[in-house]
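Chain residues, written in single-letter form:
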Amino acid sequence: MNFFKALFGGKEETPEDKKKAEEEKNFDVLKYDGVRALRSGRHDYAIKCFTHALQMKEDLEIRDYLSQAQIRADMLPEAYDNLMKISEALPDNVQVYVRMANVAYMMEDYTAMAEACEKAIMVDADNAEATYLYAKACIGHGDTTNAVAMLTKAVTLKPDYAEAYLLRGETLLSAGETAEAADDADRLLKDYPESEDVLMLKARVEKARGNTADAVGFYGKVIDVNPFHADAYRERGELRIATGDESGGNDDLKHAAELTSNTDGNTGGEDIAKKVNDAYKNINPMGL
């Protein structure tokens, strides 16, 4: 080997070169082992791989993968810190701020969520997703007025933003603005007539407007779409009892209690698995 290197003018590999090549090889092994573990759901092992790789050298792609693994392992503050480091290296990357806002939402840290959205909007004032998330941060702070304003801006920027219409309708309804909430519900029903979320909004709007029969009918449609919707059973049951149908109402309330018991009381859909899906899966918000 050394004879041929001398003959052809090649440079003999030094111990430092060998060490560097070995480190690069180990780094790549850790990276790809971590990615495979992440994709197969072995989040703890993925975190170990990515953490060790980052100890060898800084790499934004690895840090991004690490944040994803930490989210799935319910290590949300750690994931947020890694995303923060990425944002410091890429201050003009809107999607990093959007992901930070999503993680802050999962942590119920609405101040951090709002700050991330503000940074995203400073980079791209016409980003509908950042505007929508800003509205959610406002709702977390109890600021209904600004939430509605931001949601209105979001649907202006993106006229087919169904998720923003739905949240605006729910927010308006909670503020007692039933006519405006009804407009959003009716608009969504045209495009998503079998969405349980849209049907639930419509049922609650009709209930708030005193249209009991219509509300009961829409609660029934929610149940047709999702027979395990405890809130629909409970709210329909209350309406039935109020209108004299005690037998039907009590059956609904009993069914709601059974469903709630079977899911350990978690019927609001705010468990970490759903929040992760909301934050990172590119799905139709109406569930179609």
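Note that this is a predicted model, so its numbers are computed, not measured. (Residues numbered from 1 in each chain as written. Predicted model: local features only at pLDDT ≥ 70, side-chain atom pairs only at ≥ 80, totals over all residues. Heavy atoms only, no water.)

1. Quick notes on unusual backbone geometry
Phase 1 of the analysis: At Asp74, a position not held by glycine, the phi torsion is positive, near 60°.
Phase 2 of the analysis: Summarising the element assignment, Asp74 is placed in the loop between α4 (60-72) and α5 (76-89).
Phase 3 of the analysis: Backbone geometry places Glu108, a non-glycine residue, at a positive phi of 60°.
Phase 4 of the analysis: Note on placement: Glu108 falls in the loop between α6 (94-106) and α7 (110-123). (Helix = DSSP H or I, 4+ residues; strand = E, 2+ residues; numbered from the N terminus.)

2. Quick word on the packing of α6 against helix α8 (residues 128-140)
Phase 1 of the analysis: Contact pair α6 / α8: the axes reach a minimum separation of 10 Å and the direction vectors enclose 25°. In terms of orientation, α6 lies roughly parallel with respect to α8. Classified by chirality, the crossing of α8 by α6 is left-handed. Seen from α6, the contacting residues are Gln95, Val98, Ala101, Asn102 and Tyr105; seen from α8, they are Glu129, Ala130, Leu133 and Lys136.
Phase 2 of the analysis: Looking at the contact of α6 with α8 residue by residue, the classes come out as five nonpolar, two polar and two charged. (Axes fitted to C-alpha atoms, helices over the stretch in contact; angles between N-to-C directions. Parallel < 35°, antiparallel > 145°, perpendicular 65-115°, else oblique. Left-handed = near helix turned anticlockwise from the far one by under 90°. Contact = heavy atoms within 4.5 Å. Nonpolar A, V, L, I, M, F, W, Y, C, P; charged D, E, K, R; others polar.)

3. So, the nonpolar core
Phase 1 of the analysis: Met113, Tyr132 and Tyr134 are the most contacted members of the largest nonpolar core, which totals 70 residues.
Phase 2 of the analysis: When residues no more than four places from it in sequence are discounted, the contact partners of Met113 are Ala101, Ala104, Tyr105, Leu133, Lys136 and Ala137.
Phase 3 of the analysis: Membership of the second largest hydrophobic core comes to 15 residues, among which are Phe27, Cys49, Leu54 and Ala69. (Core = buried A, V, L, I, M, F, W, Y, C linked by side-chain atoms within 4.5 Å. Buried < 20%, exposed > 50% of the residue type's maximum accessible area, 1.4 Å probe, protein only.)

4. As for the pattern of salt bridges
A side chain of one charge can pair with a side chain of the opposite charge if their charged atoms are brought near each other.
Phase 1 of the analysis: Counting across every chain of the model gives 15 salt bridges.
Phase 2 of the analysis: Salt-bridge contacts for Glu58 lead to Arg63; the nearest nitrogen and oxygen are separated by 2.6 Å.
Phase 3 of the analysis: A relative accessible area of 10% places Arg63 in the buried class.
Phase 4 of the analysis: Each of Asp186, Lys202, Glu206 and Arg209 takes part in a single network of salt bridges with overlapping partners. (Salt bridge = Lys/Arg side-chain N within 4 Å of Asp/Glu carboxyl O.)

5. Some remarks on the packing of aromatic side chains
Phase 1 of the analysis: In the structure shown here, the tally under the stated rule is two aromatic pairs.
Phase 2 of the analysis: Taken together, a centroid distance of 5.7 Å and an interplanar angle of 15° make the contact between Phe50 and Tyr65 stacked. Here the residue Phe50 occupies a position in helix α3 (residues 43-56), and Tyr65 occupies one in helix α4, the gap between them amounting to 15 residues.
Phase 3 of the analysis: Lys136 extends its terminal NZ or CZ atom over the ring of Tyr105, reaching a point 4.0 Å from the ring centre.
Phase 4 of the analysis: The side chain of Lys158 reaches across the aromatic face of Tyr161, ending 4.6 Å from its centre. (Phe/Tyr/Trp six-rings, centres within 6.5 Å; stacked < 30°, edge-to-face > 60°. Lys NZ or Arg CZ within 6 Å of the ring centre and 35° of its normal.)

6. Describing the confidence of the model for the protein chain
Phase 1 of the analysis: Within the protein chain, residue pLDDT values average 89, and 86% of them lie at 70 or more.
Phase 2 of the analysis: Within the model, the stretch residues 265-277 combines pLDDT values under 50 with 17 contacts to residues more than four positions away or in other chains.
Phase 3 of the analysis: Note that residues 279-288 has pLDDT below 50 and, in this model, 22 contacts with residues that lie over four places away or in other chains. (pLDDT = per-residue confidence, 0-100.)

7. Looking at the packing of α4 against α6
Phase 1 of the analysis: Here α4 crosses α6 at 20°, and the two axes come no closer than 12 Å. Classified by the angle their axes make, α4 and α6 are roughly parallel. In this structure, α4 meets α6 at a crossing whose hand is left-handed. Side by side, α4 and α6 meet where Asp64, Ser67, Gln68 and Ile71 of the first sit next to Arg99, Val103 and Met106 of the second.
Phase 2 of the analysis: Grouping the amino acids of the contact of α4 with α6 by side-chain chemistry returns three nonpolar, two polar and two charged.

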